[in-house]
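Reading the structure
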Amino acid sequence: MKDKVLIFDTTLRDGEQSPGASLNLQEKVEIARQLEKLNVDIIEAGFPASSPLQLEAVRQVSEESGKTVAALCRAVERDIKSAHDALRDARYPRIHTFISTSDIHILGKFGHDRYGKTLGEKQRAVLRMAVDAVSYAKTFTDDVEFSAEDAGRTDPGYLAEVIEAVIDAGATTVNIPDTTGYTWPSEFGRKIADLKQRVANIDRAIISVHCHNDLGLAVANTLSSVENGARQAECSINGIGERAGNASLEEIVMALKVRSDLHNYYTDIITEEIFNTSRMVSSFTGLIIQPNKAIVGDNAFAHESGIHQDGMLKNRQTYEVMTPESVGVPQTTIVLGRHSGKHGLQARLSSLGYKVTGAELEKVYERFLSIADKKKEIYDDDLRVLMGDELNKPLEPLELDYLHVNSGTASIPTATVRIKVKGATYEESSTGDGPVDACFKAIERALSLGSLLYSYSVRSTTAGRQALGEATVRLKDGEQLFTGRGVSTDIIEASAKAYLQALSLRQDSKEHDNNKTIDNGI
Ligand code: KIV
Ligand code: ZN
């Protein structure tokens, strides 16, 4: 008999906590649709109490998903109620509540005397809060997950006590996070085996793990815990998440699949959807995949040396432990161009995981044609960038109406911009260290702003001289980061658009005040 490992995807929650990776509503819904195609078991859609935008995202994902949708909440009534509100339309709602259990977290987060004076008293208070939270969540849904935050560094006896108590209170999944990515694979595996021994009612719940990658051990720790009894793996696409990220979904799934000769575990992931999902997440979050990233990096199936190429031609298995087809890397590139019709574009987008219809399709087609005028061949990665750009539209965009740049080896770089917003027009010029700097300074002058620039990068989406340039600009305003992307065959124009988009998103967030986040203590 084979044992199933449930795949709990947290790209939309922990993944979105990656610095600068914020996703808008439409992007979240698109990613959730693709996760459904990938056939994950649980989609963690967000942390509703942290902002109205998060609540709405969880609501929209739950409304259309046929999967279990989880919403995260601290072990407090207000958060649990928000999670329930956000999940009201979910077919299979899961409330996921968490509280810290390690000494270092308890002393840091529950330092106030109202939680008790000694560590022992505080531990009692935390245990009561955990049980109360699970009992309260249980009044809304049968499917309640409890996470003991920083379980990796929690005293084993206390951890077992908390886990037993929350299972008694009704938790159906108990999650053991290695929040700080500190544990060692055999040590983490033993932790799971130990819980199975110590917790009398452990058979009434599924053991889950949630490993962070601070030491690069998240996938190894997850696999070790599976060997010791965990049956749910929390992970994210491309391994994105807080700090060094979470365990990468594609690596866990393919390791289990490729080395099925060693064990009896399986997942229900449709592995051929991995590549599309990975590219979609990368283009929406702006988090670029390193070329040598296992499974989904550009070089994952590239063979450079003559000896390797020769071996591959004779027998692919000489240097490949899995085929590119098995993870959905396209073998033939379908190229669209100026003569491609709307339906051809729609079909291609759909095979890449984007559902575009009606007025939205018209808009996307128009942009497609204007790019096709400048660039003869349009590749899948160009379309992904185009979709990322389309879905990240601010409510009130600052539009680049005119741009003139003068630059060269013998002249001082100068830029003039004209920007339109809400019917008004602003125009200014500036010099700068280079054409992009001149352009950014002209924008700041035109809008009477100081520089909020946090990071800037530009990359080409495909190879060749006519490639689209995608610029990413991050602005930092207090604690908040705003990411703008711009796409054009002209990288200066792409940079100006990216800067204006980031400024527009900042403006939206100020005016609509819906992006405020609470200090969630994760
Ligand atoms: O890393 C962590 O501990 C978490 C929990 C909230 C599951 O993200
Ligand atoms: Zn986490």
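**Quick notes on the overall build of the protein chain**
- Scanning the protein chain from terminus to terminus reveals 16 helices and 16 strands.
- When the backbone C-alpha atoms are referred to their principal axes, the protein chain occupies close to 75 × 65 × 45 Å.
- Counting over 522 residues, the protein chain shows a buried share of 55%.
- At a minimum sequence separation of 6, the contacts of the protein chain that also span at least 24 residues come to 67%.
- Carbon and sulfur atoms make up 50% of the accessible area of the protein chain, which totals about 22,600 Å².
- When the 60 basic and 75 acidic side-chain charges of the protein chain are each reduced to a single mean position, those positions are 1 Å apart.

**What about the site of ligand 1?**
- In the vicinity of ligand 1 there are twelve residues, among which R13, D14, T179, H210 and H212 approach most closely.
- The side chain of D14 places a nitrogen or oxygen atom 3.1 Å from an oxygen atom of ligand 1.
- Between H210 and ligand 1, the recorded distance is 3.1 Å, taken from a side-chain N or O atom to an oxygen atom.

**A short note on the sheet that holds strand 16 (residues 480–488)**
- Ordered in space as 14-15-16, the three strands form an open sheet in which the pairing is antiparallel. Both edges of this open sheet fall to strand 14 (453–460) and strand 16, since each of them pairs with a single strand only. Strand-to-strand twist of the sheet, defined as the mean angle between neighbouring strand axes without regard to direction, takes the value 15°.

**A short note on the environment of K376**
- One can find K376 in the loop between helix 13 (358–374) and helix 14 (380–391).
- Spatially, the C-alpha atoms of K376 and T414 are 30 Å apart, while their sequence positions differ by 38 residues.

**Description of the packing of aromatic side chains**
- Here the structure, examined in full by the defined rule, presents seven aromatic pairs.
- The interplanar angle of 75° and the centroid separation of 6.4 Å between the aromatic rings of F47 and F98 together place this pair among those described as edge-to-face. Here F47 is found in the loop between strand 3 (42–46) and helix 2 (52–64), whereas its partner F98 is found in strand 5 (residues 92–100), with 51 residues between them in sequence.
- Exposure remark for F47: the relative accessible area of 2% places this residue in the buried category.
- Three or more aromatic residues joined by ring pairs form one cluster here, namely F440, Y456 and Y499.

**So, the coordination of the zinc ion (ligand 2)**
- Coordination of the zinc ion (ligand 2) by the protein comes from D14 (OD), H210 (NE2) and H212 (NE2), over a distance range of 2.0 to 2.1 Å.
- Within one chain, the residues serving as donors to the zinc ion (ligand 2) are arranged as D-x195-H-x1-H. With D14 in the loop between strand 2 (6–9) and helix 1 (25–38) and H210 in strand 8 (residues 206–211), this pair connects stretches of sequence that are 196 residues apart. Of the two residues, D14 and H210, neither departs from the other in class, the shared state being buried.

**So, the packing of helix 6 (residues 156–169) against helix 7 (residues 185–198)**
- The geometry of helix 6 relative to helix 7 is characterised by a closest axis approach of 10 Å and an angle of 55° between their N-to-C directions. Looking at the two axes, helix 6 sits oblique to helix 7. Seen along the crossing, helix 6 lies across helix 7 with a hand that is right-handed. In contact with P156, G157, L159, A160, I163 and E164 of helix 6, helix 7 contributes K191, D194, L195 and R198.
- The class makeup of the residues in the contact of helix 6 with helix 7 is five nonpolar, one polar and four charged.

**Topic: the side chain of D79**
- By the secondary structure assignment, D79 is in helix 3 (residues 77–86).
- Taking relative accessible area as the criterion, D79 reaches 0% and is therefore assigned buried.
- One polar contact links D79 to R74, side chain to side chain, over a distance of 2.9 Å.
- Setting aside anything within four residues of it in sequence, one finds D79 in contact with F47, A49, C73 and R74.

**With respect to the domain arrangement of the protein chain**
- What the domain assignment reports for the protein chain is domain 1 (3–285), domain 2 (306–391) and domain 3 (399–512).
- Placing a centre on the C-alpha atoms of domain 2 and another on those of domain 3 gives a separation of 27 Å.
- Of all residues in domain 2, the largest losses of buried area upon contact with domain 3 belong to K374, V385 and D389, amounting jointly to 47% of the total for that side.
- The interface formed by domain 2 and domain 3 contains zero salt bridges.
- The tally of links between domain 2 and domain 3 comes to zero residue pairs in polar contact (both at pLDDT 80 or more).
- It is helix 14 that provides the largest number of residues to the side of domain 2 that touches domain 3, a total of five residues.
- Considered class by class, the residues forming the side of domain 2 that touches domain 3 number three nonpolar, one polar and seven charged.

**What to know about the pattern of salt bridges**
- Enumeration according to the criterion identifies 41 salt bridges in this entry.
- Its salt-bridge partner being K4, residue D41 comes within 2.7 Å of it at the nearest N-O pair. Linking D41 in the loop between helix 1 and strand 3 with K4 in strand 1 (residues 3–4), this pair joins segments that are 37 residues apart in sequence.
- Take K4: its relative accessible area is 24%, and that puts it in the partly exposed class.
- Ionic pairing is found between R506 and D477, a salt bridge with its closest N-O pair at 2.8 Å. Within this pair, whereas R506 is found in helix 16 (residues 491–512), its partner D477 is found in strand 15 (residues 469–477), the two being separated by 29 residues in sequence.
- Here D477 falls in the partly exposed class, since its relative accessible area comes to 21%.

**Re the state of the cysteines**
- Taken as a whole and judged by the stated rule, the model has zero disulfides.
- C235 provides the cysteine sulfur closest to C211, a residue in no disulfide bond, and the two sulfurs are 10.0 Å apart.
- For C235, a relative accessible area of 0% corresponds to the buried category.

Procedures and definitions
Residues numbered from 1 in each chain as written. Chains lettered and ligands numbered in written order. Predicted model: local features only at pLDDT ≥ 70, side-chain atom pairs only at ≥ 80, totals over all residues. Heavy atoms only, no water. Helix = DSSP H or I, 4+ residues; strand = E, 2+ residues; numbered from the N terminus. Buried < 20%, exposed > 50% of the residue type's maximum accessible area, 1.4 Å probe, protein only. Contact = heavy atoms within 4.5 Å. Areas by Shrake-Rupley, 256 points an atom, 1.4 Å probe, with all protein chains shown as cover. Lys, Arg positive; Asp, Glu negative; His and termini not counted. Charge placed at Lys NZ, Arg CZ, Asp CG, Glu CD. Near = heavy atom within 4 Å. Polar contact = N/O pair within 3.5 Å; in protein donor to acceptor, adjacent residues only side chain to side chain. Pairing = 2+ DSSP bridges. Axes fitted to C-alpha atoms, helices over the stretch in contact; angles between N-to-C directions. Phe/Tyr/Trp six-rings, centres within 6.5 Å; stacked < 30°, edge-to-face > 60°. Donors = N, O, S within 2.8 Å, 3.2 Å for Na, K, Ca; no water. Parallel < 35°, antiparallel > 145°, perpendicular 65-115°, else oblique. Left-handed = near helix turned anticlockwise from the far one by under 90°. Nonpolar A, V, L, I, M, F, W, Y, C, P; charged D, E, K, R; others polar. Domains from an automatic or database assignment. Buried area = accessible area lost by both parts, 1.4 Å probe. Salt bridge = Lys/Arg side-chain N within 4 Å of Asp/Glu carboxyl O. Disulfide = S-S within 2.5 Å.

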